[in-house]
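Residue-level structural notes
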Amino acid sequence: LWDDEDRFYYDLDHEGSPIVLKTPSGLLALHGRLADHDRAEALRTHLMNPMEFWTFFPMPSVARDEDVFSNDMWRGPTWLNINLLLFYALEQYGFLEEARLLARMSIDEVTRWYQNKGCIFEFYDSLGETAPPELPRKGAPGTAGGVGFGVIADYHWSAAAVIDLLYAIC
């Protein structure tokens, strides 16, 4: 799954060919401690790049420099469960400053929207520009009939991730 030229792990399609699209799944090799030191450093470089994954609310579901990046569900928004996994992955490799910063930025952005909207959401705009209820989910915000039904509010795994991050850094 490792690409020597891009220095990144890519997923494979159903025929075993690489899907050359940077997503957090390529960073999760850190979580499984699959990357050697050199590859971990390369992944940290991708992770900390503001034009890839280190956005206003880090870890978009697709890297910011990809053509398909948007604010639609799995095309760019931030999911807290991924941030939690990457927090622990960064810690395992000794990237403690980056791990704490990721946790703090995640907690701060969730807090901002909680104070504004009164709940914790399923996913968030990685650029910090659009309120979670206004984000599209598979095509359109808050619509029904196959194109999405809006971002889920009072989302429990997001709340659990925030609690875990708070506990880990306090």
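Residues numbered from 1 in each chain as written. Predicted model: local features only at pLDDT ≥ 70, side-chain atom pairs only at ≥ 80, totals over all residues. Heavy atoms only, no water.

Topic: the packing of aromatic side chains
One pass over the full model with this rule turns up 11 aromatic pairs. Relative to Trp 79, the ring of Trp 74 has its centre 4.1 Å away and its plane inclined at 5 degrees; by these criteria the two rings are stacked. Its relative accessible area of 2% is what places Trp 79 among the buried residues. Their ring planes at 85 degrees and their centres at 6.0 Å tell us that Phe 121 and Tyr 124 sit as a pair that is edge-to-face. (Phe/Tyr/Trp six-rings, centres within 6.5 Å; stacked < 30°, edge-to-face > 60°. Buried < 20%, exposed > 50% of the residue type's maximum accessible area, 1.4 Å probe, protein only.)

Some remarks on the packing of helix H3 (residues 96–117) against helix H4 (residues 156–169)
Relative orientation of the contacting elements H3 and H4 amounts to 135 degrees, with a least axis distance of 10 Å. In terms of orientation, H3 and H4 fall into the oblique class. Note on packing geometry: the crossing formed by H3 with H4 is left-handed. On the side of H3, the interface is formed by Arg 100, Ala 103, Arg 104, Ser 106, Ile 107 and Val 110, while H4 contributes Val 162, Leu 165, Leu 166, Ala 168 and Ile 169. Its residues assigned to classes, the contact of H3 with H4 shows 8 nonpolar, 1 polar and 2 charged. (Axes fitted to C-alpha atoms, helices over the stretch in contact; angles between N-to-C directions. Helix = DSSP H or I, 4+ residues; strand = E, 2+ residues; numbered from the N terminus. Parallel < 35°, antiparallel > 145°, perpendicular 65-115°, else oblique. Left-handed = near helix turned anticlockwise from the far one by under 90°. Contact = heavy atoms within 4.5 Å. Nonpolar A, V, L, I, M, F, W, Y, C, P; charged D, E, K, R; others polar.)

Focus on H3
Turn by turn, an α-helix covers 3.6 residues, leaving residues three or four places apart pointing in a common direction. For H3, spanning 22 residues, the distance from its first C-alpha to its last is 31 Å, which sits close to the expected 32 Å at 1.5 Å a residue. Burial in H3 covers these residues: Glu 98, Ala 99, Leu 102, Ala 103, Met 105, Ser 106, Ile 107, Glu 109, Val 110 and Trp 113. Just past H3, the residue Gly 118 takes up positive phi, approximately 80 degrees. (Expected span 1.5 Å × (residues − 1).)

Thoughts on the pattern of salt bridges
Taken as a whole and judged by the stated rule, the model has 9 salt bridges. Salt-bridge contacts for Glu 52 lead to Lys 22; the nearest nitrogen and oxygen are separated by 3.8 Å. A residue pair is termed long-range when its members are at least 10 positions apart, and Glu 52 in the loop between helix H1 (37–48) and helix H2 (80–92) and Lys 22 in the loop between strand S4 (18–19) and H1 qualify at 30 residues. Residue Glu 52 shares its accessibility class with Lys 22, and that shared class is buried. Between Asp 65 and Lys 22 there is a salt bridge whose closest N-O contact spans 3.0 Å. Placement of Asp 65 in the loop between H1 and H2 and of Lys 22 in the loop between S4 and H1 is noted, with a sequence separation of 43 residues between them. Since its relative accessible area comes to 38%, Asp 65 is described here as partly exposed. Salt bridges here are not isolated pairs; linked through shared partners, they connect Lys 22, Glu 52, Asp 65 and Glu 66. (Salt bridge = Lys/Arg side-chain N within 4 Å of Asp/Glu carboxyl O.)

Concerning the nonpolar core
One finds Leu 27, Leu 43, Met 59 and Tyr 124 to be the most contacted residues of the largest nonpolar core, which totals 47 residues. Mapped onto this core, the elements with two or more residues apiece are strand S2 (8–9), H1, H2, H3 and H4. When near neighbours in sequence (up to four residues on either side) are disregarded, Leu 27 contacts Phe 8, Leu 43, His 46, Leu 47, Phe 53, Met 59 and Leu 86. (Core = buried A, V, L, I, M, F, W, Y, C linked by side-chain atoms within 4.5 Å.)

With respect to the environment of Leu 165
Along the chain, the position of Leu 165 falls in helix H4. Here Leu 165 falls in the buried class, since its relative accessible area comes to 1%. Sequence separation between Leu 165 and Asn 83 is 82 residues, and the spatial gap between their C-alpha atoms is 9.1 Å. Residue contacts for Leu 165: discarding those within four places in its chain leaves Leu 84, Phe 87, Ala 103, Ser 106 and Ile 107.

What about the packing of H2 against H3?
When two helices pack together, their arrangement is given by the angle between the helix axes and by the axis-to-axis distance. Two elements in contact, H2 and H3, have axes whose closest approach is 7 Å; the angle formed by their N-to-C orientations is 160 degrees. Classified by the angle their axes make, H2 and H3 are roughly antiparallel. For the element pair H2 and H3, the recorded crossing hand is left-handed. Contacts between H2 and H3 involve Leu 80, Asn 83, Leu 86, Phe 87, Leu 90 and Glu 91 on the former and, on the latter, Leu 96, Glu 98, Ala 99, Arg 100, Leu 102, Ala 103, Ser 106 and Val 110.

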